[in-house]
Amino acid sequence: MRVLFASSEVYPLVKTGGLADVSGALPAALAQAGQDVRVLLPGYSEALTKAEGKRQIASLGDPLGVGAEAKLISAKLPGSGVPLWLIDCPALYDRKGGPYQDEDGSEYTDNHLRFGLLSWAAAHLSTAGSPIKWRPEVLHCHDWQTGLAPAYLQAWDLAERPKTVFTIHNIAYQGLFPAETVSRLGLPWDMYQMAGFEYYDSLSFLKAGLVYSDRVTTVSPRYAKEIQAAPHGCGLEGLLAERAADLTGIINGADYAVWDPSVDTNLTHRYKPADFITGKAANKAELQAELGLAQDPDAPLLIIVSRLNDLKGMDLVLAVMPAILRQGAQLAVLGTGDKALEDGFKAVADANPTQVAVKIGYSETLAHRLMAAGDMLVMPSRFEPCGLTQFYAFRYGTVPVVHVTGGLADTVVDTTYDGLMTGTATGFAFEHANAGAFQWTVERAVAMFRQKDQWRKVQTAGVYQDFGWDRSANRYVQLYNGLTAS
Ligand code: ADP
């Protein structure tokens, strides 16, 4: 099956979150499963620098009238060697900041054009008008940045077109732009209506993807149910409930070529997952020293590797901070996000330097080292479509403490008495996203941490979980096959 995989971020070329991890690993797993996959990505300068074997293969012209030609560059994804197409258009993608925002954290004002072009190119390269002979049977789009691709295909109304799959990685980000962008993007006004891509007087890229693609998927079965109702549907619950028959939840996977402590080049002390006791002790001692935390192997080390915002429940962490400190636990935070939360964490660290360490910023290396050193990964997300860090935590012998939502509900088994006795418990989970429930669960986890035998059982159950991509990739292959056979 020929599949074009369109995404706005792909690890290891450009990453702001889980979408990049998925877009880096899933195409490789699909290729392993015998599929002929190409990944389409904007040619951000960072991506053009890191991509291997670049050569220009076509011109895409200037379809959105930005006053600059877009070129198609063929390359390979470092690591997996998956074929990659980059849209080289410096006027849109050569920027100083990240993929979506400038250095000050403000959204680029031309994001409709930047991701309009990504969507347009994904659609165009899937049709007979493409300058390239290879054309996909399935166009697989991801998140709002590619949402217009199925809309362009619909608008062009061609005899020959691919089947389309749209995957929601996070419905909270919808790509809303003023109505006048409809003509600017070359889209017909008759699609700007409630049954199309209009959303409360704005153009919604995400809604376009949901309305005009043949199938919709999201990244866990639980999230697929949750988004059919408020508040998780973020205003699109009605539409998703209508499309329930076309909506599937397929759990993400973990890329164990990148996230496994025995091969992790970010660690000075690599260890086999099964040898987590000694392996983690060495990493913990090293990290405590480096971060200025008390050198205490018996202090439970809680870690956070996350965007810092309320959706991730980071305000709840600040709320239960006094209880965490009282219990003699340590906390190491790596993240960026809301200024107030960043400042809140920094203030707690300043007041408690031997118990709390906070690194505001993005660091792939530190993320891996925290995973190896930590005893518990804290994820009190208010909602979490899938979550990837809990998979990584399992493999490193780190126990997740999570709110029961989305993919966390599907993948973390709470430590009850039965769970412990049967060896199925893999973490600690709370049902209601409030500080009281979260605090009680942290206290439960810390108490169990001090009972070493029991704690080892929970760690061991996690270490042997297999969330490799092969199973999920096979589910996507089934979905593609079903679509093209229909
Ligand atoms: P989301 O996509 O909602 O941010 P996920 O759990 O799906 O959440 O994926 C987050 C990914 O981003 C993980 O690979 C995690 O390690 C990484 N990550 C998040 N924040 C940071 C950071 N500050 N530094 C390094 N990696 C980070």
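**Describing the domain arrangement of the protein chain**
Partitioning the protein chain into structural domains gives domain 1 (2–253 + 469–485) and domain 2 (273–463). Between the C-alpha centres of domain 1 and domain 2 there is a distance of 33 Å. Counting residues at the interface gives 20 residues for domain 1 and 19 residues for domain 2. Where domain 1 meets domain 2, there are one salt bridge. Its salt-bridge partner being Lys 15, residue Glu 364 comes within 3.6 Å of it at the nearest N-O pair. Counting across the domain 1 and domain 2 interface gives seven residue pairs in polar contact (both at pLDDT 80 or more). Secondary-structure elements contributing two or more residues to the side of domain 1 that touches domain 2 are helix H1 (18–32) and helix H8 (221–226). Examining the composition of the side of domain 1 that touches domain 2, we find that four residues originate from one element, H8, more than from any other. Along the lines of polarity and charge, the residues of the side of domain 1 that touches domain 2 split into eight nonpolar, eight polar and four charged.

**Points about the site of the ligand**
Taken together, the neighbourhood of the ligand is formed by 18 residues, with Lys 15, Gly 18, Asp 21, Arg 307 and Lys 312 sitting nearest. Interatomic distance of 2.8 Å between a side-chain N/O atom of Lys 15 and an oxygen atom of the ligand. In this structure, a nitrogen atom belonging to the ligand sits 2.9 Å away from a main-chain N or O atom of Gly 361. With the chains in place, 92% of the 570 Å² that the ligand exposes on its own is no longer accessible. Secondary-structure elements contributing two or more residues to the shell around the ligand are H1, strand E13 (301–308), strand E14 (330–337) and helix H15 (389–395). Looking at the shell around the ligand element by element, the count peaks at three residues for E13. For the shell around the ligand, a count of residues per class yields six nonpolar, eight polar and four charged. Each of domain 1 (2–253 + 469–485) and domain 2 (273–463) accounts for three or more of the residues forming the shell around the ligand.

**What to know about the sheet that holds strand E18 (residues 428–430)**
On the basis of which strands lie adjacent, the open sheet formed by six strands has the order E15-E14-E13-E16-E17-E18 and parallel pairing. This sheet does not close on itself; its edge strands, each paired only once, are strand E15 (356–360) and E18. Direction aside, the axes of adjacent strands within the sheet are offset by 15° on average. Across the sheet, helix H13 (residues 339–351) lies against E13, E14 and E15, angled at about 145° from E15, the strand it touches most.

**Remarks on empty space enclosed by the protein**
Inspection of the entire model under this criterion finds two cavities of 30 Å³ or more. Reported here for the largest cavity is a volume of approximately 80 Å³. Tyr 11, Asp 21, Asp 255, Trp 259 and Tyr 392 are the residues nearest the centre of the largest cavity, which is lined by 13 residues in total. With three residues, H1 is the largest single contributor of residues to the lining of the largest cavity.

**As for H1**
Here H1 is 15 residues long and its end C-alpha atoms lie 21 Å apart, about the 21 Å a rise of 1.5 Å per residue gives. Along H1, the residues classified as buried are Leu 19, Ala 20, Asp 21, Val 22, Ser 23, Gly 24, Ala 25, Leu 26, Pro 27, Ala 28, Ala 29 and Leu 30. Against strand E1 (2–6), strand E2 (36–42), strand E6 (138–142), H15 and helix H20 (469–485) lie the buried residues of H1. Positive backbone phi, at 95°, marks Gly 34, one or two positions downstream of H1.

**Focus: the packing of helix H18 (residues 435–449) against helix H19 (residues 452–463)**
Axis separation between H18 and H19 bottoms out at 7 Å; the angle between their running directions is 115°. When the axes of H18 and H19 are compared, the pair comes out roughly perpendicular. Contacts from Ala 445, Met 448 and Phe 449 of H18 reach H19 at Lys 452, Gln 454 and Trp 455. Taken together, the residues of the contact of H18 with H19 break down into four nonpolar, one polar and one charged.

**With respect to the pairing of strand E16 (residues 376–379)**
Neither face of E16 is open: one carries Met 376 and Val 378, the other Leu 377 and Met 379, and all of them are buried. Of the strand pairs in this sheet, E16 and strand E17 (residues 399–403) are connected by four bridges, and their pairing is parallel. Opposite Leu 377, over in E17, you have Pro 400 as the bridge partner. For the crossover from E16 across H15 to E17, the handedness is right-handed.

**Regarding the pattern of salt bridges**
Side-chain pairing between opposite charges can occur once the charged atoms of the two side chains come close. Counted by the stated rule, this structure contains 17 salt bridges. The closest approach of N and O atoms between Arg 222 and Glu 226, which form a salt bridge, is 3.1 Å. With Arg 222 and Glu 226 both in helix H8 and four residues apart, the pair spans about one turn of that helix. Judged by relative accessible area, which is 32%, Arg 222 ranks as partly exposed. Among the ionic pairs, Arg 369 bridges to Glu 290, the shortest N-O distance being 2.6 Å. Pair noted here: Arg 369 is in helix H14 (residues 364–373) and Glu 290 is in helix H10 (residues 276–291), with a separation of 79 residues, a long-range link. A cluster of three or more residues bridged by salt bridges with shared partners is formed by Lys 15, Asp 21 and Glu 364.

**Points about helix H5 (residues 148–156)**
Those residues of H5 that fall on the buried side of the exposure criterion are Leu 148, Ala 149, Pro 150, Ala 151, Tyr 152 and Leu 153. For H5, the secondary structure elements touched by its buried residues are helix H4 (111–124), E6, strand E7 (163–168), strand E10 (202–204) and helix H7 (205–212). A positive phi of about 50° marks Asp 157, the residue just after H5.

**Notes on the nonpolar core**
It is characteristic of soluble globular proteins that their nonpolar side chains tend to be buried jointly. Residues Leu 40 and Phe 197 are the most contacted members of the largest nonpolar core, which totals 133 residues. For this core, the leading source of residues is H4, giving eight residues. When residues of this core are assigned to domains, at least three map to each of domain 1 (2–253 + 469–485) and domain 2 (273–463). Apart from the residues within four sequence positions on either side, Phe 197 is in contact with Ala 151, Val 182, Leu 187, Pro 188, Met 191, Tyr 192, Ser 202, Leu 203, Ser 204, Lys 207, Ala 208 and Tyr 212. Counting 35 residues, the second largest nonpolar core, distinct from the first, contains Ile 304, Leu 341, Leu 420 and Ala 437.

Parameters at a glance
Residues numbered from 1 in each chain as written. Predicted model: local features only at pLDDT ≥ 70, side-chain atom pairs only at ≥ 80, totals over all residues. Heavy atoms only, no water. Domains from an automatic or database assignment. Contact = heavy atoms within 4.5 Å. Salt bridge = Lys/Arg side-chain N within 4 Å of Asp/Glu carboxyl O. Polar contact = N/O pair within 3.5 Å; in protein donor to acceptor, adjacent residues only side chain to side chain. Helix = DSSP H or I, 4+ residues; strand = E, 2+ residues; numbered from the N terminus. Nonpolar A, V, L, I, M, F, W, Y, C, P; charged D, E, K, R; others polar. Near = heavy atom within 4 Å. Areas by Shrake-Rupley, 256 points an atom, 1.4 Å probe, with all protein chains shown as cover. Pairing = 2+ DSSP bridges. Axes fitted to C-alpha atoms, helices over the stretch in contact; angles between N-to-C directions. 1 Å grid on protein atoms, 1.4 Å probe; cavity = no way out; pocket = protein on both sides within 12 Å on 5 of 7 lines; lining within 4 Å. Points joined across faces, edges and corners; volume = space filled by probe spheres on them. Expected span 1.5 Å × (residues − 1). Buried < 20%, exposed > 50% of the residue type's maximum accessible area, 1.4 Å probe, protein only. Parallel < 35°, antiparallel > 145°, perpendicular 65-115°, else oblique. Right-handed = clockwise from strand over helix to strand, strands pointing away. Core = buried A, V, L, I, M, F, W, Y, C linked by side-chain atoms within 4.5 Å.

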